[in-house]
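Observations on chain architecture
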Amino acid sequence: MKKQNLRFELIALCLVLFPIIYAMSVYDQIPDTMVTHYNIKGEPDGFQEKNFVYFLILPGVSFMLNLLLASIPTFMPEGDQKAGTLRMLQATRMATLLLLGGIAISMVQTTDGRSPDYLFRWLGGGIFLLTLLLGNYMKEIKTNEFAGMRNRYTLSDPEVWKATHRRSSYWFFYSGL
């Protein structure tokens with residue numbers, strides 16, 4: 001494994017583990033009956049007994065999604081493993097891990113019934129950041145059978161592929177702003 005890939009994988013692992021470590025560090029401060037859901041007005045309407053497994057669900061999903069995204073290049077044909085496509089996959093992995101990690105930490109912080117307003121800002125900001133990032137890397141994807149805007153028109157003509165991804169990258173990028 002290359003040194004750069006090892007560093008990236010260690011950062012990804014830290015992003016998966018940090019919410020679990022954070023939940024363990026504040027577990028004693030969480031009330032015995034914790035808030036697990038808020039209605040559209042931001043008022044608590046779902047409760048459950050304190051259980052550490054609750055805090056493992058989202059990091060577990062994050063870990064499995066990270067494994068899935070990390071394994072994608074192994075299923076790609078050798079010719080489709082171009083630098084732009086692989087960079088986009090890494091950026092998608094990192095942005096997804098940051099978003100899910102932020103949500104997991106916010107879930108721990110809102111168990112005491114405090115207003116989840118900042119959770120909504122985190123979620124909205126994270127989704128916009130993810131679309132901005134995808135838009136930034138989308139124009140670099142080369143013609144392939146695996147990732148991108150794939151249909152019979154874009155796959156049949158490299159110029160159509162390039163124009164489609166250039167235009168789509170602007171739409172993704174500016175929707176993230």
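For clarity, every value in this text was computed on a predicted model and none was experimentally measured.

**Observations regarding the overall build of the chain**
Within the chain one finds six helices and two strands. Each helix and strand of the chain, placed in order from N terminus to C terminus, yields the pattern α-β-β-α-α-α-α-α. Seen along its three principal axes, the alpha-carbon backbone of the chain occupies a region of about 60 × 40 × 20 Å. Considering the chain as a whole, with its 177 residues, one finds that 35% of them fall into the buried category. Here the analysis covers contacts within the chain between residues at least 6 apart in sequence; of these, 61% occur between residues at least 24 apart. Accessible surface, the chain: about 11000 Å² in total, of which carbon and sulfur atoms supply 64%. For the chain, the separation between the mean place of its 17 positive charges and that of its 14 negative charges on side chains is 12 Å.

**A closer look at the environment of Leu-67**
Turning to its location among the elements, Leu-67 is positioned in helix α2 (residues 54-75). As for Leu-67 and Met-88, which are separated by 21 residues in sequence, their C-alpha atoms are 16 Å apart.

**A look at α2**
Between its first and last C-alpha atoms α2 spans 33 Å; for 22 residues at 1.5 Å apiece the expected length is 32 Å, and the two agree. Every buried residue of α2 is listed here: Tyr-54, Phe-55, Leu-58, Pro-59, Ser-62, Asn-66, Leu-69 and Ile-72.

**What about helix α4 (residues 117-138)?**
Compared with the 32 Å implied by 1.5 Å per residue over 22 residues, the 32 Å span of α4 between its first and last C-alpha is a close match. Looking at α4, one finds that the buried residues are Leu-119, Gly-126, Leu-130, Thr-131, Leu-134, Gly-135 and Met-138.

**Quick notes on a nonpolar patch on the surface**
Residues Leu-6, Leu-10, Leu-13, Leu-17, Ile-21, Phe-63, Met-64 and Leu-67 make up a contiguous nonpolar surface patch of roughly 720 Å² in combined accessible area. Within the residue set of the nonpolar patch, elements represented by two or more residues are α1 (3-26) and α2. At five residues, the largest contribution of residues to the nonpolar patch is made by α1. On the secondary structure map, Ile-21 appears in helix α1. A relative accessible area of 51% means that Ile-21 is categorised as exposed.

**A word on the layout of surface pockets**
A volume near 210 Å³ is recorded for the second largest pocket. In terms of lining residues, the second largest pocket is bounded by Val-35, Thr-36, His-37, Tyr-38, Tyr-54, Ile-103, Met-107, Thr-110, Pro-116, Leu-119, Phe-120 and Leu-123. Sort the elements by how many residues they give to the lining of the second largest pocket and strand β1 (residues 33-38) lands first, with four residues. Class assignment for the residues of the lining of the second largest pocket results in nine nonpolar, three polar and no charged.

**Remarks on the pairing of strand β2 (residues 44-49)**
Examined bridge by bridge, β1 and β2 share five bridges and lie antiparallel to one another. Each bridged residue has a counterpart across the sheet, and for His-37 the counterpart in β2 is Gly-46. Linking two consecutive strands that pair antiparallel, namely β1 and β2, is a turn of five residues; a positive phi of about 85° is found at Gly-42 within it.

Thresholds applied
- Per-chain numbering applies: the sequence of each chain, read as written, is numbered from 1 onward.
- Local features in a predicted model are, by the rule used here, given only for residues with pLDDT of at least 70; side-chain atom pairs are given and counted only at 80 or more, and totals for whole chains, interfaces and linings are based on all residues.
- Where side-chain values are given, they derive from all heavy atoms of the structure, hydrogens and water being excluded.
- Think of it this way: any DSSP run of H or I at least four residues long counts as a helix, any run of E at least two long counts as a strand, and we number them from the N terminus.
- For each residue, the accessible area found with a 1.4 Å probe, counting protein chains only, is set against the maximum for its type, and the residue is called buried under 20%, exposed over 50%, and partly exposed in between.
- The criterion used for residue contact is that any of the two residues' heavy atoms lie within 4.5 Å.
- All accessible-area figures derive from a Shrake-Rupley calculation using a 1.4 Å probe, and residue coverage is judged against the displayed protein chains alone.
- Residues scored as charged are limited to Lys and Arg (positive) and Asp and Glu (negative), so that His and the chain ends carry no count.
- Charge coordinates come from a single atom per side chain, which is NZ of Lys, CZ of Arg, CG of Asp or CD of Glu.
- To estimate the expected span of a helix, subtract one from its residue number and multiply by 1.5 Å.
- Surface patches are defined over residues having more than 30% relative accessible area and no salt bridge, joining like charges when they lie within 9 Å and nonpolar side chains (Val, Leu, Ile, Met, Phe, Trp, Tyr) when within 5 Å.
- The working definition used for a salt bridge is a side-chain nitrogen of Lys or Arg within 4 Å of a carboxyl oxygen of Asp or Glu.
- The rule is simple: put a 1 Å grid over the protein atoms alone, call a set of points where a 1.4 Å probe fits but cannot get out a cavity, call an open set with protein on both sides within 12 Å along at least five of seven lines a pocket, and count a residue as lining if it has an atom within 4 Å of a point.
- Grid points are joined across faces, edges and corners, and a volume is the space filled by probe spheres set on the points.
- By the convention adopted, Pro, Cys, Tyr, Trp, Phe, Met, Ile, Leu, Val and Ala count as nonpolar, Lys, Arg, Asp and Glu as charged, and the other residues, Gly among them, as polar.
- Here, a strand pair is defined by DSSP locating no fewer than two bridges between the strands.

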